[in-house]
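Read off the chains here:
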Amino acid sequence: MNTESVWEKVSKPASYPALGQDISVDVVIIGAGITGMTAAVELAKAGLKVAVAEARRVGDGTTGYSTGNLYIPVQPSFQNIRSKFDKETVHVVAHSRKEALDYIERTVTEQAIDCHFSRRPDYMFAENTCEDFIAKEFEVLQEAEIAVEYTQNVPFPVNAKRAIFFPNQARFNPKTYIDGLAKTFTEKGGQIFENTEIIEAGEKDKGCQARTARHTINARAMIMATHTPKGIHLMQMLAAPYRSYVVAASLKGGRYPDGHFWNTDPGGYVSSTHAVYNKTLDMLMVAGEHHKTGQAAHADVEHYYKKIESYIHKNFDVEAILHRWSAQHYQAADGLPYIGRAHRHAKHFYVAGGYFADGLTYGTVAGRILADLVQGKDNPWAKTYDSTRFTPVASAGKAIKENINVLGEYLRDFPGNHDFSRVSDLKPGEGGVIEVHGEKLAVYRDEKQMLHAVSAVCTHLKCIVQFNNAEKSWDCPCHGSRFALDGSVLEGPAIQPLPARRVET
Amino acid sequence: MIAAAILFFALAALIGATMLGYLLKGKHIPKGLAMLHGPLAVVGLVLLVVYSLLAPQGAWIPIAIFIAAALGGLLLFFKDLTGKAPKWLGVVHGVVAVAGFLMLLLFAYHLTSG
């Protein structure tokens, strides 16, 4: 099953070289997603010498696997944030996100990025849960001075009494947008290094240092914009990794409702329409079925795509199912992203993460905050999102739940607990954990009967990885590191690859 | 209560010996074992402390040794989780814990014989 996102398929990105020598810059940014590239452009505009190091290609991480929707609403909800914080916090979150949309629109216009940016509405509704949720959300949004209204006219197959209507939200092609930012950045003298995997990063002496296997980048400041910090970091106990699935379809007759439609029921899908190939709407995307990374309840991940496809077929006149992909997001314990210094004692080292599935907007907010912090400028949103905040009461419920879940995953690591007893039990296309001479191995048998074996012990904090049969990857159920079949790191906090192992057929 | 403490420590010791085997062979230590080993030993230690607080004669020497072993165990667990646990530390932890266990058996013997 091909699980490349539609944005990846249609983009024609420029290529950038790998880091080929030691360099010194003002700021090094690790990760060329929307957070890293937004900060990079802002810092380059300010005249700073900036280098961006990307382990793969620009925008190839979560940004290129998002659904291209830009909106003010947030997960879990504004009322959740209001219950844990205060009125002012909700105001900052709502207005920083609103301003992020305006920023993206200005950027697209000024830099003439052809990413099919368009303003369009957002509808939030509940079909089965209590109407009170929608009423309370509406009340909190009004308190935060966000222009919303109720509507009974949702241009979408939905069984809800009323929906919250958010005018003037937006959609775009996130990959093309990032490619545009990268172009602007390099035109302003910035350097991008693709296929440049940082294996060690931190503050050193009075500055920062990022190292690849061969070269070093010295900088006055560093931003780690990798969705979750690389290596071991407290944020990994506070922001839990989840994967969600997207199915994109074309509809008969080209009749696409223009909007972003969020069913807030537990397990409800988020649907949106996009102009991918043309300037007019030509694709429906439905996202949902999220679960903790590496903890799919169904061993066959195809199950999740099938459920979404079945929903699409039931509700729309489908011409064709075009694309399917999945993406990772991190859910912050207290409901707010972590944006700011890497830790309480950090002086020049910054991180961002915990965006839930609202990362295109939050990433833009983060990029702007971090650019200001690096320059020593005041930022009106920085305090609210401060990554070093201590919010035990607001965080306790989710943090305890998620970390007990992690302990449970460690407890499953027992001698004799494996997916397959023998390598010969693996059918072509199957993968799983096998114990050989007391060592747990992650073994995949490809369609040509070739075996691919690596250690099953995650190199981050030593959980046992699980096979993801849709993306043919090894996913860590504890903190969300993901590895390719050859053991190389795809995403998440792990830095080192899973070591290769030999197995006998 | 002493008998229960001995039982918990014995179970912890059995699992600990298994884990030490993995460590000395340079293999990944199954974390499920560590998650059982630690709590079993903690329950044993708590039982021993409660007994010592209530009884006229406390098992304070075994308790002191077990606390030292527990600190070593915590360090070992942290080192194992975040990198590579030193084999020597595993051996020292094991030796100290066994010393504590022997002292506890001796204490129990004196109780029953005296």
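For the structure, check the block above.
Peer 1: What am I meant to see in the overall build of chain B here?
Peer 2: From N to C terminus, chain B includes four helices and zero strands. When the helices and strands of chain B are placed in sequence order, the string is α-α-α-α. On C-alpha atoms alone, chain B measures out to a radius of gyration of 14 Å, which is about the 13 Å that the 2.2 N^0.38 rule sets for 114 residues. By its C-alpha atoms, chain B is 45 × 20 × 20 Å across when sized along the principal axes. With 114 residues in all, chain B has 40% of them scored as buried. When contacts within chain B are restricted to residue pairs at least 6 apart in sequence, those whose partners lie at least 24 apart make up 65%. Just so you have it, chain B exposes about 6,200 Å², and 80% of that area is on carbon and sulfur atoms.

Peer 1: For this particular structure, what's the right way to read the pattern of salt bridges?
Peer 2: Any two side chains of opposite charge can pair, on the condition that their charged atoms come close. Residue and element names in this part refer to chain A. The tally for this structure, following the rule as stated, stands at 34 salt bridges over all chains. For K136, the salt bridge goes to E139, with nearest N and O atoms at 3.6 Å. Here the residue K136 and the residue E139 both occupy positions in helix α5 (residues 131–143), the gap between them amounting to three residues, near one helical turn. You can call E139 partly exposed: its relative accessible area is 49%. When the shortest N-O distance is used, the salt bridge between R422 and D425 registers 3.4 Å.

Peer 1: Before we go on, may I ask you to explain the interface of chain B and chain A in this structure?
Peer 2: The figure often quoted for interface size is the accessible area lost as the parts come together. In this complex, chain B contributes 14 residues to the contact, which on the side of chain A involves 14 residues. In this assembly, chain B packs against chain A so that about 1,200 Å² is buried in total across both faces, 68% of it on carbon and sulfur atoms. Contact with chain A buries surface across chain B, with B:H28, B:M35 and B:L81 losing the most and accounting together for 40% of the total. Our enumeration of links across chain B and chain A arrives at one salt bridge. Two residues, A:K462 and B:D80, come together in a salt bridge whose shortest N-O distance is 3.5 Å.

Peer 1: What's the story with the state of the cysteines in this structure? I'm lost.
Peer 2: Here a disulfide denotes one covalent bond, and it connects the sulfur atoms of two cysteines. All names here are of chain A. Tallying each qualifying case throughout the model produces one disulfide over all chains. Bridging C463 to C478, the disulfide has an S-S length of 1.7 Å. Because the sign of the S-S torsion sets the handedness, a value of about -55° for the bond joining C463 and C478 places this disulfide among the left-handed ones. A residue pair is termed long-range when its members are at least 10 positions apart, and C463 in the loop between β20 (451–455) and β21 (466–468) and C478 in the loop between β22 (473–475) and β23 (482–483) qualify at 15 residues.

Peer 1: Would you mind showing me how to read the sheet that holds β20(A) here?
Peer 2: Through backbone hydrogen bonds, the strands of a sheet pair up, either in parallel or in antiparallel fashion. All names here are of chain A. One open sheet holds the three strands; their spatial order is β18-β19-β20, and the pairing between them is antiparallel. Two strands lie at the open edges of the sheet, namely β18 (431–436) and β20, each paired on one side alone. Averaged over all pairs of adjacent strands, the angle between strand axes in this sheet comes to 30°, irrespective of strand direction. As paired elements, strand β19 (residues 439–445) and β20 share five bridges and run antiparallel to each other. Paired with R445 across the strands is L451, a residue of β20.

Peer 1: Would you mind going over a nonpolar patch on the surface with me for this structure?
Peer 2: All names here are of chain B. Residues M1, V42, V46, V50, L53, L54 and W60 make up a contiguous nonpolar surface patch of about 720 Å² in total accessible area. Of note, V50 is situated in helix α2 (residues 31–54). When its relative accessible area of 33% is taken as the criterion, V50 is described as partly exposed.

Peer 1: Would you explain the side chain of A:T38 in this entry?
Peer 2: Residue and element names in this part refer to chain A. Structurally, T38 can be placed in helix α2 (residues 34–45). A polar side-chain atom of T38 sits 2.5 Å from the main-chain carbonyl oxygen of I34. Leave out the neighbours within four places in its chain, and T38 touches Y103, L181, T364, G367 and R368.

Peer 1: Just to check I follow, could you spell out the sheet that holds β22(A) for this structure?
Peer 2: Residues and elements named next belong to chain A. Read across the open sheet, the four strands follow the order β21-β22-β23-β24; overall the sheet is antiparallel. The open sheet has two edge strands with one neighbour each: β21 and β24 (489–491). Across two bridges, the pairing between β23 and β24 is antiparallel. Paired with F483 across the two strands is V489, which belongs to β24.

Peer 1: Is there a simple way to explain the nonpolar core in this structure?
Peer 2: Looking at soluble globular proteins, one finds that nonpolar side chains tend to be buried together. All names here are of chain A. Core analysis: the largest hydrophobic core is formed by 70 residues, its most contacted members being M37, F78 and Y177. The element contributing the most residues to this core is helix α4 (residues 87–110), with nine residues. For M37, the residues in contact, after removing those within four places along its chain, are A32, V52, I178, L181, A182, F185 and I192. Counting residues in hydrophobic clusters, the runner-up holds 27 residues, among them I23, I217, M235 and A399.

Peer 1: Whenever I open this one, helix α3 (residues 60–82) of chain B confuses me. Can you help?
Peer 2: Owing to its 3.6 residues per turn, the α-helix aligns residues three or four sequence positions apart on the same side. Here α3(B) spans 33 Å end to end across 23 residues, near enough to the 33 Å set by a 1.5 Å rise per residue. Three or more residues of α3(B) are buried, namely B:P62, B:I63, B:F66, B:A69, B:G72, B:G73, B:L76, B:D80 and B:L81. If you follow the buried residues of α3(B), they end up packed against α11 (392–411) of chain A together with α1 (2–24), α2 and α4 (87–113) of chain B.

Peer 1: How do you make sense of unusual backbone geometry when you look at a structure like this?
Peer 2: As a rule of thumb, non-glycine residues mostly have phi less than zero, and peptide bonds are mostly trans rather than cis. Residue and element names in this part refer to chain A. Across the junction of Q75 and P76, the peptide omega takes the value -5°, indicating a cis bond. Checked against the element boundaries, P76 lands in the loop between β3 (69–70) and α3 (78–84). Despite not being glycine, H116 has its phi angle at roughly 55°, a positive value. Position of H116 relative to the elements: it lies in the loop between α4 and β4 (118–125). A relative accessible area of 17% means that H116 is categorised as buried. If you check the backbone angles, F356 has positive phi at about 55° while not being a glycine.

Thresholds applied
- Residues numbered from 1 in each chain as written.
- Chains lettered and ligands numbered in written order.
- Predicted model: local features only at pLDDT ≥ 70, side-chain atom pairs only at ≥ 80, totals over all residues.
- Heavy atoms only, no water.
- Helix = DSSP H or I, 4+ residues; strand = E, 2+ residues; numbered from the N terminus.
- Rg over C-alpha atoms; globule rule 2.2 N^0.38 Å.
- Buried < 20%, exposed > 50% of the residue type's maximum accessible area, 1.4 Å probe, protein only.
- Contact = heavy atoms within 4.5 Å.
- Areas by Shrake-Rupley, 256 points an atom, 1.4 Å probe, with all protein chains shown as cover.
- Salt bridge = Lys/Arg side-chain N within 4 Å of Asp/Glu carboxyl O.
- Buried area = accessible area lost by both parts, 1.4 Å probe.
- Disulfide = S-S within 2.5 Å.
- Pairing = 2+ DSSP bridges.
- Axes fitted to C-alpha atoms, helices over the stretch in contact; angles between N-to-C directions.
- Patch = residues over 30% accessible without salt bridge, like charges linked within 9 Å, V, L, I, M, F, W, Y side chains within 5 Å.
- Polar contact = N/O pair within 3.5 Å; in protein donor to acceptor, adjacent residues only side chain to side chain.
- Core = buried A, V, L, I, M, F, W, Y, C linked by side-chain atoms within 4.5 Å.
- Expected span 1.5 Å × (residues − 1).

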